[in-house]
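Coordinate analysis (summary)
Spelled out from the first residue to the last, the chains are:
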Amino acid sequence: MLDPQLLRQDLDGVIANLARRGFEFERESFEALEGERKRVQSELESVRAERNRVAKEIGRIKAQGGDAGELLAEGGRLSAREGALKDKFDALAEENRALLLRIPNLLHDSVPDGKDESDNVELRRVGEPPQFEFQPRDHVELGEALDEMDYAAAAKLTGSRFVVLRGELARLHRALGQFMLDLHRERHGYEEVYVPCILNAASLIGTGQLPKFEEDQFGIKGERSWFLTPTGEVPLTNLVRDAILDASSLPLKIMAATPCFRAEAGAAGKDTRGMIRQHQFEKVELVQIVHPDESEQALETLVGEAEAVLEALGLPYRVVELCAGDIGFSATKTHDLEVWLPGQGRYREISSCSNCADFQARRMKARFRHARTDKPQLVHTLNGSGLAVGRTLVAVMENGQQADGSIRVPEVLRSCLGGLDCLGKGG
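As a convention, each chain's residues are numbered from 1 in the sequence order in which they are written. pLDDT decides what is reported in this predicted model: residues at 70 or higher carry local features, side-chain atom pairs at 80 or more are listed and counted, and totals for whole chains, interfaces and linings draw on all residues regardless. Side-chain numbers come from the whole structure's heavy atoms, not from hydrogens or water.

1. A short note on the sheet that holds strand E13 (residues 367-369)
Read across the sheet, three strands follow the order E7-E13-E14 without closing on themselves; strand pairing throughout is mixed. In the strand order of this sheet, the two ends are held by strand E7 (244-246) and strand E14 (376-378), each with one partner. Here the average twist between neighbouring strands, direction ignored, is 40 degrees. A pair of strands counts as paired when DSSP detects no fewer than two bridges linking them. Strands here are runs of E lasting at least two residues and helices are runs of H or I lasting at least four, both read from the DSSP assignment and numbered beginning at the N terminus. Strand direction decides the pairing type here: E13 and E14, joined by three bridges, are antiparallel. Residue pairing for E14: Arg367 is matched across the bridge by Leu378. Axis lines are fitted through C-alpha atoms, for helices just across the contact stretch, and the angle between N-to-C directions can take any value from 0 to 180 degrees.

2. Description of the packing of helix H2 (residues 11-21) against helix H3 (residues 27-63)
At their nearest, the axes of H2 and H3 sit 12 Å apart, and the two run at 150 degrees to each other. The angle between the axes of H2 and H3 places the two elements in the roughly antiparallel class. Judged by the twist between their axes, the crossing of H2 over H3 is right-handed. For the pair H2 and H3, the contacting residues are Leu11, Asp12 and Ile15 in the first and Arg27, Phe30 and Glu31 in the second. Of the residues belonging to the contact of H2 with H3, the class tally is three nonpolar, no polar and three charged. Orientation labels follow simple angle bins: below 35 degrees gives roughly parallel, above 145 gives roughly antiparallel, 65 to 115 gives roughly perpendicular, and whatever is left gives oblique. The crossing is said to be left-handed when, going from far helix to near helix, the turn is anticlockwise and less than a right angle, and right-handed when the turn is clockwise. The contact criterion used throughout is that any non-hydrogen atoms of two residues lie within 4.5 Å. Under the scheme applied, nonpolar residues are Ala, Val, Leu, Ile, Met, Phe, Trp, Tyr, Cys and Pro; charged residues are Asp, Glu, Lys and Arg; polar residues are all the others, including Gly.

3. Structural notes on the sheet that holds strand E1 (residues 121-126)
Taking strand neighbours across the sheet as the criterion, the eight strands line up as E1-E10-E11-E12-E15-E9-E8-E4 in an open arrangement whose pairing is mixed. For this open sheet the edge positions go to E1 and strand E4 (191-192), each flanked by a neighbour on one side alone. Seen against the sheet, helix H12 (residues 389-399) touches strand E9 (280-290), strand E11 (333-341), strand E12 (346-355) and strand E15 (380-388) and runs at an angle of roughly 40 degrees to E15.

4. Section: the nonpolar core
Membership of the largest hydrophobic core comes to 51 residues, with the highest contact counts inside it found for Leu172, Leu176, Leu310, Leu337 and Leu387. When residues in this core are grouped by element, the largest group, nine residues, is from helix H10 (residues 295-313). Excluding anything up to four places from it in sequence, Leu310 contacts Leu315, Tyr317, Leu337, Val339, Ile350 and Leu387. The definition of a nonpolar core used throughout is a set of buried Ala, Val, Leu, Ile, Met, Phe, Trp, Tyr and Cys residues joined through side-chain atoms within 4.5 Å. Throughout, exposure labels follow a simple rule: accessible area from a 1.4 Å probe, protein chains only, divided by the maximum for the residue type, with under 20% read as buried, over 50% as exposed, and the rest as partly exposed. Leu2, Val54, Leu85 and Ile103 belong to the second-largest nonpolar core, a separate cluster that totals 27 residues.

If you want it as C-alpha cells, here you go:
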C-alpha cells in the first residue's frame, strides 16, 4: 500500500509514476474522498473542542453550586454530534483504505519503460543452449514416452492443467525441491519454514493478492474466508505481519517448499500443453525481510541465489529486467530468470525476484525498531522463486534429453536418486 501522506503531498508525481505501468489513477474519486475526509475531520475536531469547553464550564458551574442544566443539554447534543462524525470519519477512512488497497506499488526510477514482456531488458545470458543431432522433443513427448507423465489420469482426477507423475520422474521432481532447499540453507543461510497452504484473507491482503486479484485465487468453500496459497511468498512474508522486529534480527531470510494454486493459470488458450502453466505446482520460495537501506542490494543478492540453482544444474538461462508494463502489482523492481527450453526453442520464466520496498510492509504493519531512534519503522520485503520446481523439471528433461529418449540426470541430483544418472531406457 502506498503512503497516504505521499498521495496528499505529491499526487501528480504518484499519478505519473503509476501511468508508466498503464494504471489509471482515479483522481476525481480520490480528491472527492480526501476533501470529504478533511471536512469531516475539521468539523469533528471543532465539535470535540467545543464539547471539551462545555464540559469544563459545566464543572466550573457545578463547583460554584450553579445550575448547569442548559450546558448539560448542550453537552449531550455535542456528544451525539461527535459520535456521528466519528462514525462518518471511520467510514471514510475505510473507504480510503479500500481505494489504496487497489493501487499498485510505485516503480523504482531505474525500471525501464515498456508496455509488455516484449519490452523487458535482457541483462545477461549464462551458458549455451545445447546443440542436438536430432530434433529435440518437448517435455510432454519425453514424459509420455517414459510412461511417467500422465495428463489423462490427472484430467480424470481433477480436470485440465494438472498432471500425474510416476516412477523416476516423480522421484526427480521431489529431488529437485530437496536440492533447492539444501542449497539455499547451506550456501545462502536461509531458514527453512513449514507453513500452512490454506490462508486467511488478511494474509493475501498483506502481500497484495487481495482485493484486486480475488478472481485469480482458489477459495475454500465454507463459512470462513480461506484461500489456497497462490505462492509461498504469502505465508512466509505474513509471518512478520503486525510485528515489530529487533533491528539486530535483520536481514531475515526464510524459505519454504509449498504447493501453489492459481485459478487463472495464465491467459486463455496460452500454454495449455504440459507443465509450464498449471493450476497446481510446487515452488521453493525465498523471502527476505530487510532494513530499508539494504533492499536494493538485497535484490541483486536474491537474483544471484536463484541463479545458483540453475548454474548447479548446468541449465542455460538469461536474466531480464521487467519493464514498467510487465512488473507485478506489489513490486517496485523485478528481475526474472528465464531458462532455455529446447522443446520450445526459447527462454521461459523460471524465477521472478522482486523488491517490494515498504509496499507490503505498510499493508501488514510489519516494522522494526530503529536502533538509533528506537522508533518503529517499516521493513522492506523481497521475494523470489528459488526455483519453480515443475518448470525446473521441464528444463532438466528438455536440456538433458538424448536421441534414444532417455534423460540425463544432472550430477548434483544423482545422490538424491540413489546414484541414478539417466532416466529411461538409456539408464
